[in-house]
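Coordinates in review
Okay, here's what each chain looks like letter by letter:
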Amino acid sequence: MELKTVPLEIPDGVNLILGQTHFIKTVEDVYEAIATSVPQMKFGIAFNEASGPCLTRADGNDEELKQLAIRNASAVAAGHIFVAVMREGYPSTSWDASKTCRKSAISTAPPPSGGSRNCGNRAGPRRDGRHRWLPPKGVETAEDADHRRAFLRMIGYKR
């Protein structure tokens, strides 16, 4: 495994949360946490899935910030991380709600040179022989997002 410093893009007036998690439900959980804690906040979220199709999953209420979150998550290129970027609000106002998202460990506002990258292809096989911890292979499409939402409802994680 090789670790590198990766510059993060944080424009003036934008705040960033970088966190660790492991399930595609993270995108919806973080979305709900931010939207309900600061309704006027503009934000984008990206999560790097580390198994299956290994996509960067994304959502938000501002397309520019959603694309910024995708670029930062893609730059880190590590599975099981998420990036939330926001305007018209601060990480501290959504901090408590974001921490309640299961399986998240969060840090806020890293310097633009923050972040690390796992440059290996995998951490190793699972007991079933499939590999985990893969870096993202691309960004989810609208069809992928619809499939993600339907899957979460099918398994009972969302209504």
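Chains are numbered independently. Their residues run from 1 in the order of the written sequence. The predicted nature of this model means local features are confined to residues of pLDDT at least 70 and side-chain atom pairs, given and counted, to a pLDDT of 80 or more, with totals for whole chains, interfaces and linings taken over all residues. Note: side-chain values were computed over all heavy atoms of the structure, leaving out hydrogens and water.

1. Some words on the packing of aromatic side chains
Applicable threshold: Two rings belonging to Phe, Tyr or Trp (six-membered ring only in the last case) form a pair when the distance between their centres is within 6.5 Å. Interplanar angles under 30 degrees mark stacking, angles over 60 mark edge-to-face geometry, and anything in between is tilted. Where helices and strands are cited, they refer to DSSP runs of H or I of at least four residues and of E of at least two residues respectively, numbered from the N terminus. Three labels apply to residues, based on accessible area from a 1.4 Å probe with only protein chains included: buried if under 20% of the type maximum, exposed if over 50%, partly exposed otherwise in between.
With the rule as written, the count across this model stands at 1 aromatic pair. Relative to Phe43, the ring of Tyr31 has its centre 5.0 Å away and its plane inclined at 65 degrees; by these criteria the two rings are edge-to-face. With Tyr31 in helix α1 (residues 26–37) and Phe43 in strand β3 (residues 42–48), this residue pair connects regions lying 12 residues apart in the sequence. A relative accessible area of 26% means that Tyr31 is categorised as partly exposed. Taking relative accessible area as the criterion, Phe43 reaches 1% and is therefore assigned buried.

2. Remarks on helix α4 (residues 142–154)
Residue pairs spaced three or four apart in an α-helix point in one direction, given the helix's 3.6 residues per turn. What counts is decided by this rule: Helices are assigned an expected span. That span is 1.5 Å times one less than the residue count. It is the directions from the helix axis to the C-beta atoms that the arc portrays. We call two residues in contact whenever any of their non-hydrogen atoms come within 4.5 Å of each other.
With 13 residues, α4 extends 18 Å between its outermost C-alpha atoms, agreeing within 8% with the 18 Å of an ideal straight helix rising 1.5 Å per residue. Looking only at α4, the buried set comprises Ala145, Arg148 and Leu152. One side of α4 holds all its buried residues, which, seen down the axis, span an arc of 55 degrees. In this structure, α4 carries Glu143, His147 and Met154 as exposed residues pointing more than 90 degrees from its buried face. For α4, the secondary structure elements touched by its buried residues are α1 and β4 (55–60). Looking one or two places after α4, you find Gly156, whose phi comes out positive at around 85 degrees.

3. Looking at the pairing of β4
In regular strands, side chains alternate between the two faces of the sheet. Stated formally: Here, a strand pair is defined by DSSP locating no fewer than two bridges between the strands.
With 5 of 6 residues buried, β4 lies mostly within the body of the structure. Alignment of β3 against β4, held across 5 bridges, turns out to be antiparallel. Following the sheet pairing, Gly44 is matched in β4 by Gly60. From the end of β3 to the start of β4, which pair antiparallel, there are 6 residues, and Gly52 there has a positive phi angle of about 65 degrees.

4. Regarding a nonpolar patch on the surface
Just so we agree on the cut-off: Residues form patches when they are more than 30% accessible in relative terms and have no salt bridge. Like charges link within 9 Å. Nonpolar side chains (Val, Leu, Ile, Met, Phe, Trp, Tyr) link within 5 Å. The Shrake-Rupley method, run with a 1.4 Å probe sphere, supplies the accessible areas, and residue values consider only the shown protein chains as cover. By salt bridge we mean one thing: a side-chain nitrogen of Lys or Arg within 4 Å of a carboxyl oxygen of Asp or Glu.
Taken together, the side chains of Met154, Ile155 and Tyr157 present a nonpolar region at the surface, about 310 Å² in accessible area. Following the sequence through the fold, Tyr157 ends up in the segment after α4.

5. What about the nonpolar core?
So the rule is basically this: We define the nonpolar core as a collection of buried residues of types Ala, Val, Leu, Ile, Met, Phe, Trp, Tyr and Cys that are connected through side-chain atoms lying within 4.5 Å of one another.
The biggest cluster of nonpolar side chains holds 16 residues, and the ones touching the most others in it are Leu16, Ala46, Ile81, Val83 and Val85. Secondary structure elements with two or more residues in this core: β2 (15–20), α2 (63–76) and β5 (81–87). Take this core: its biggest share by element is 6 residues, from α2. In contact with Ala46, other than residues within four places in its own chain, are Thr56, Arg57, Ala58, Ala69, Ile70, Ala73, Ile81, Phe82 and Val83. Ranked by size, the runner-up nonpolar core spans 12 residues in total, among them Ile17, Val30, Val38 and Phe82.

6. Topic: the confidence of the model for the protein
To keep it simple, the criterion reads: Known as pLDDT, the predictor's per-residue confidence is scaled from 0 to 100.
The predicted model of the protein averages 75 in pLDDT, with 67% of residues at 70 or higher. Mean pLDDT across the secondary structure elements of the protein bottoms out at strand β8 (residues 124–125), with 46, and peaks at α2, with 95. In the model, residues 105–110 has pLDDT below 50 throughout and makes 22 contacts with residues more than four positions away in sequence or in other chains. Scored below 50 in pLDDT, residues 112–131 shows 46 contacts in the model against residues more than four places distant or in partner chains.

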